[in-house]
Amino acid sequence: QVRFVESGGGLVQPGGSLRLSCSAPGSIFANFYTMGWYRQAPGNQRELVAEIAAGGFTNYAYSVKGRFTISRDSAKNMLYLEMNNLNPEDPAVYYCNHVVAVPDYWGQGTQVTVSS
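Just so it is clear, the structure is predicted and the values come from calculations on it, not from any experiment.

### Focus: the environment of Cys22
On the secondary structure map, Cys22 appears in strand β3 (residues 18–23). Between the C-alpha atoms of Cys22 and Arg72, which are 50 residues apart in sequence, the distance is 9.2 Å. Cys22 has contacts with Phe4, Val5, Glu6, Trp37, Asn77, Met78, Leu79 and Cys96, leaving out every residue within four places of it along the chain.

What follows is the structure, encoded as structure tokens:
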């Protein structure tokens, strides 16, 4: 079944950086979709933290603004999330998906852990 595939997570110290990647077949990574990175920490609902429209406009959750940068390479069907100055509120499983009312094609996500 077609899914997004996330990678790049890991263990990092507070203040550290990670770069997440997301790939998908062109059939679900069409250029006209607004794409986003979501995250879900244990006991919390999944939340949208960053989004990028087809034209490049970006928007971020207040908690990550100024620290995270979302980008896309539509020619390669790739989505990225550059995360800097990670803090103890950032650990979660991170997912990519369309930014729509009911996203489909959820992948396994990639775990981000922040610990000294």
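### A look at the state of the cysteines
Put plainly, two cysteines are in a disulfide when a covalent bond ties their sulfur atoms together. Going through the model one piece at a time under the given rule, you end up with 1 disulfide. The partner cysteine of Cys22 in its disulfide is Cys96, sulfur to sulfur 1.9 Å. Because the torsion about its S-S bond is 60°, the bridge between Cys22 and Cys96 counts as right-handed. Separated by 74 residues along the polypeptide, Cys22 in strand β3 and Cys96 in strand β9 (residues 92–98) bring together distant segments of the chain. According to the relative accessible area criterion, Cys22 is buried, its value standing at 0%.

### Quick notes on the packing of aromatic side chains
Following the criterion strictly, the structure yields 3 aromatic pairs and no others. The interplanar angle of 80° and the centroid separation of 6.5 Å between the aromatic rings of Phe4 and Tyr105 together place this pair among those described as edge-to-face. Note that Phe4 is positioned in the segment before β1 (5–7) and Tyr105 in the loop between β9 and β10 (110–114), a separation of 101 residues in sequence. On the accessibility criterion, Tyr105 (28% relative accessible area) is partly exposed. A centroid spacing of 5.1 Å and a plane angle of 75° characterise the contact between Tyr38 and Trp106, whose relative ring orientation is edge-to-face.

### A word on the sheet that holds β10
In a beta sheet, neighbouring strands pair by backbone hydrogen bonds and run either parallel or antiparallel. Strand order in this open sheet of 6 strands is β2-β10-β9-β4-β5-β6, and the pairing throughout is mixed. Sheet topology places β2 (10–12) and β6 (58–60) at the edges, where each strand pairs with a single neighbour. For this sheet, the mean inter-axis angle between neighbouring strands, taken without regard to orientation, is 25°. Where strand β4 (residues 35–40) and strand β5 (residues 47–52) come together, 5 bridges link them in antiparallel fashion. Bridge pairing in β5 links Trp37 to Ala50.

### Re the environment of Gly43
Here Gly43 lies in the loop between β4 and β5. The exposure class of Gly43 is exposed, given its relative accessible area of 86%.

### Thoughts on the sheet that holds strand β8 (residues 78–83)
If you trace the 4 strands from one edge of the open sheet to the other, you get β1-β3-β8-β7, paired in antiparallel fashion. Edge positions in the sheet fall to β1 and β7 (68–73), since each has one partner strand and no second. Each strand of the sheet is rotated relative to its neighbour by a mean of 15°, with strand direction disregarded. The sheet contact formed by β3 and β8 spans 6 bridges and is antiparallel.

Procedures and definitions
Residues numbered from 1 in each chain as written. Predicted model: local features only at pLDDT ≥ 70, side-chain atom pairs only at ≥ 80, totals over all residues. Heavy atoms only, no water. Helix = DSSP H or I, 4+ residues; strand = E, 2+ residues; numbered from the N terminus. Contact = heavy atoms within 4.5 Å. Disulfide = S-S within 2.5 Å. Buried < 20%, exposed > 50% of the residue type's maximum accessible area, 1.4 Å probe, protein only. Phe/Tyr/Trp six-rings, centres within 6.5 Å; stacked < 30°, edge-to-face > 60°. Pairing = 2+ DSSP bridges. Axes fitted to C-alpha atoms, helices over the stretch in contact; angles between N-to-C directions.

Function-wise, these values are silent; they only describe arrangement.
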